[in-house]
Amino acid sequence: MKLLIITAPLGNGHNAVAGAISDCFTALYPDASCEILDMYEYISPHLKKATASGYFLSMKTLSHFHDMASTVYTRQDEKDFNEYTPSRLADAFLASRLRRAIDEYAPDCIVCTMVYAAQAVDLLKGHGAIACPCYGIITDFTVQNYWEDVEYFEYIVAPSEYLQPQFTRRGIDFSRVLPFGIPIRKQFQIKHDKLEMRKKFNLDETLPTILIMSGGMGFGDVPEYIASIEQLPFPVQILVICGKNEKLFEKVCAMQTRNPIKVFEYVNNVDEIMDAADCLLSKPGGITTSESLAKGLPMLMIHPLPGVEDRNVEFLQANGAAIYITKTWQISDAIHLLFQCPGRMDRLKASIETIAKPHAAQDLCQHIAHTIINTEEHILSLIHISEPTRPISIS
């Protein structure tokens, strides 16, 4: 079996999902071949750098004008698209460049972890240039209108069955939708003992523990979050993961806090740190959100990027599975609610359990393998039927 995963550097989520699928597929099927293709890097390393830098700059700029940017996103999401729009012309350009890579690899199945890649591959599939089954992955808790253009993919993988009305409004047949969830790495399926993890990281075993994550692109004012937590009238302990943001790490380490604080740089065991915490304070990216849900870790959502992260907030709030921090409902309000109001934490965790999809990657990979095998068997049966019948010679 040969699986080709096509992704792009627009944020970290698409690449994280691609890696999760690749790791899971090769673990389940050691004899299989799996390749991840960054479509912008394949076309041109300069295009990749410009696209990634432009995306980061635009998101950082728009985050300062959230309401205006969110309105623009909503209007764009409601527009109709045709073959002459800039979006469709871009799809045609990407498709023409991707065809060579797809032909060379000759995959048995293609998975696209972002909608722009799916649109480009769908054009090729619609013109008969691709015959193998294709899957598109939605990496946030919403259905963008761009998925309407993905007409020839056999399957679209959705974060939740609760999004069915959105697919219906988009005119997408829900029989094509697999509500497996957003694929995440295997370690987030495992729940470690909280006390053991606190001992491992030299933490107080009894204090309410708040984990702060700055996100893959380093958005948000983490020192401001810490200052807000410091205003609480009861003691807590704070964990901060700064990732590769060295300036943030140095800034947080230099802070003088009343509550104990432990600061991490880039780590490979976020899953264990999550298990040591009681709640997570973070912007609601699709991957971070899915990982926290899989861990059963209540999330305080703050400073969502305009667009899809706003939709993540809406989805989680509608399902009672997270708390949204605003100017009027502040960090201290949310933490007081969780730790000082009996039963609130338990109710939140119960809601999380109803929408968490910790086995999304495994469910998807098994479905892909089943589809490939069925496709191969179907092709072999057609070949067998088309072979001319040889006359029986009687000697």
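That block above? That's the structure.
All values reported here derive from a predicted model rather than from experimental measurement.

1. As for the packing of aromatic side chains
Tallied over the full model, the rule gives 6 aromatic pairs. Each ring, one from F141 and one from F315, has its centre 4.9 Å from the other, and the planes form 25°; the classification is stacked. Pair noted here: F141 is in the loop between β4 (134-137) and β5 (155-157) and F315 is in helix α13 (residues 308-318), with a separation of 174 residues, a long-range link. Both residues of the pair, F141 and F315, count as buried. Across the ring face of Y105, the terminal group of K2 is positioned such that the distance to the ring centre comes to 4.7 Å. When the ring centre of Y266 is taken as origin, the NZ or CZ atom of K244, which lies over that ring, is 5.1 Å away.

2. Let's talk about the nonpolar core
I6, I110 and V121 are the most contacted members of the largest nonpolar core, which totals 90 residues. Setting aside chain neighbours within four positions, we find I110 in contact with L4, I6, I102, V121, I130, C132, P133, C134 and Y135. Judged by nonpolar contacts, the second largest core, of 27 residues, contains I212, I323, I331 and L348.

3. Comments concerning the packing of helix α9 (residues 222-229) against helix α14 (residues 331-340)
Following both chains from N to C, one finds α9 and α14 inclined at 55°, their axes separated by 8 Å at the closest point. It follows that α9 is oblique to α14 by the angle criterion. As α9 runs across α14, the sense of the crossing is right-handed. Of the residues in α14, those touching α9 at Y225, S228 and I229 are I331, S332 and I335.

4. Remarks on the environment of T289
With respect to the helices, strands and loops of the structure, T289 is situated in helix α12 (residues 286-294). For T289, a relative accessible area of 0% gives the class buried. Sequence-wise, T289 and N312 are 23 residues apart; in three dimensions their C-alpha atoms are separated by 8.3 Å. Those residues in contact with T289 that lie beyond four places of it in its chain are F141, P284, M299 and L316.

5. Section: the environment of F25
When you line up the elements, F25 lands in helix α1 (residues 13-28). When its relative accessible area of 0% is taken as the criterion, F25 is described as buried. Sequence separation of F25 and Q362 is 337 residues, and the distance between their C-alpha atoms is 7.7 Å. With near-sequence residues (within four places) excluded, F25 lies in contact with M1, L3, A32, C365, I368, A369 and I372.

6. So, the packing of α9 against helix α10 (residues 246-253)
Running from N to C, α9 and α10 cross one another at 25°; their axes reach a closest spacing of 10 Å. Looking at the two axes, α9 sits roughly parallel to α10. The interaxial crossing formed by α9 with α10 has right-handed handedness. Contacts between α9 and α10 pair V222, P223 and I226 from the former with L248, K251 and V252 from the latter. For the contact of α9 with α10, the class distribution of residues is 5 nonpolar, no polar and 1 charged.

7. Quick notes on unusual backbone geometry
The backbone of A106 sits at a positive phi, close to 50°, despite the residue not being glycine. For A106, a relative accessible area of 44% gives the class partly exposed.

8. Overview of the sheet that holds strand β12 (residues 322-324)
Strand order in the open sheet formed by 6 strands is β9-β8-β7-β10-β11-β12, with parallel pairing between adjacent strands. Among the strands making up the open sheet, the edge pair consists of β9 (261-264) and β12. Going across the sheet, the axis of each strand differs from the next one's by a mean of 20°, ignoring polarity. Direction of pairing for strand β7 (residues 209-213) relative to strand β10 (residues 279-282): parallel, over a ladder of 3 bridges. Note that in β10 the partner of I210 across the bridge is C279.

9. Some points on a nonpolar patch on the surface
Taken together, the side chains of I379, L380 and I383 present a nonpolar region at the surface, about 290 Å² in accessible area. In this fold, I379 is placed in helix α16 (residues 360-386). A relative accessible area of 45% means that I379 is categorised as partly exposed.

10. Structural notes on the sheet that holds strand β3 (residues 109-112)
Read across the open sheet, the 6 strands follow the order β2-β1-β3-β4-β5-β6; overall the sheet is parallel. Each edge of the sheet is formed by a strand with only one pairing partner; in this case those strands are β2 (33-38) and β6 (177-178). With 3 bridges connecting them, β3 and β4 associate as parallel partners. Among the inter-strand pairings, C112 is bridged to a residue of β4, identified as G136. The strands touched by α1 within the sheet are β1 (2-7), β2, β3 and β4, with β1 carrying the most contacts at an inclination of about 170°.

11. Describing the pattern of salt bridges
Taken as a whole and judged by the stated rule, the model has 11 salt bridges. Note that E154 and K125 form a salt bridge whose closest N and O atoms lie 3.2 Å from each other. In this pair, E154 sits in the loop between β4 and β5 while K125 sits in helix α6 (residues 115-126), placing the two residues 29 residues apart along the sequence. Here E154 falls in the partly exposed class, since its relative accessible area comes to 30%.

So, how was this worked out
Residues numbered from 1 in each chain as written. Predicted model: local features only at pLDDT ≥ 70, side-chain atom pairs only at ≥ 80, totals over all residues. Heavy atoms only, no water. Phe/Tyr/Trp six-rings, centres within 6.5 Å; stacked < 30°, edge-to-face > 60°. Helix = DSSP H or I, 4+ residues; strand = E, 2+ residues; numbered from the N terminus. Buried < 20%, exposed > 50% of the residue type's maximum accessible area, 1.4 Å probe, protein only. Lys NZ or Arg CZ within 6 Å of the ring centre and 35° of its normal. Core = buried A, V, L, I, M, F, W, Y, C linked by side-chain atoms within 4.5 Å. Contact = heavy atoms within 4.5 Å. Axes fitted to C-alpha atoms, helices over the stretch in contact; angles between N-to-C directions. Parallel < 35°, antiparallel > 145°, perpendicular 65-115°, else oblique. Left-handed = near helix turned anticlockwise from the far one by under 90°. Nonpolar A, V, L, I, M, F, W, Y, C, P; charged D, E, K, R; others polar. Pairing = 2+ DSSP bridges. Patch = residues over 30% accessible without salt bridge, like charges linked within 9 Å, V, L, I, M, F, W, Y side chains within 5 Å. Areas by Shrake-Rupley, 256 points an atom, 1.4 Å probe, with all protein chains shown as cover. Salt bridge = Lys/Arg side-chain N within 4 Å of Asp/Glu carboxyl O.

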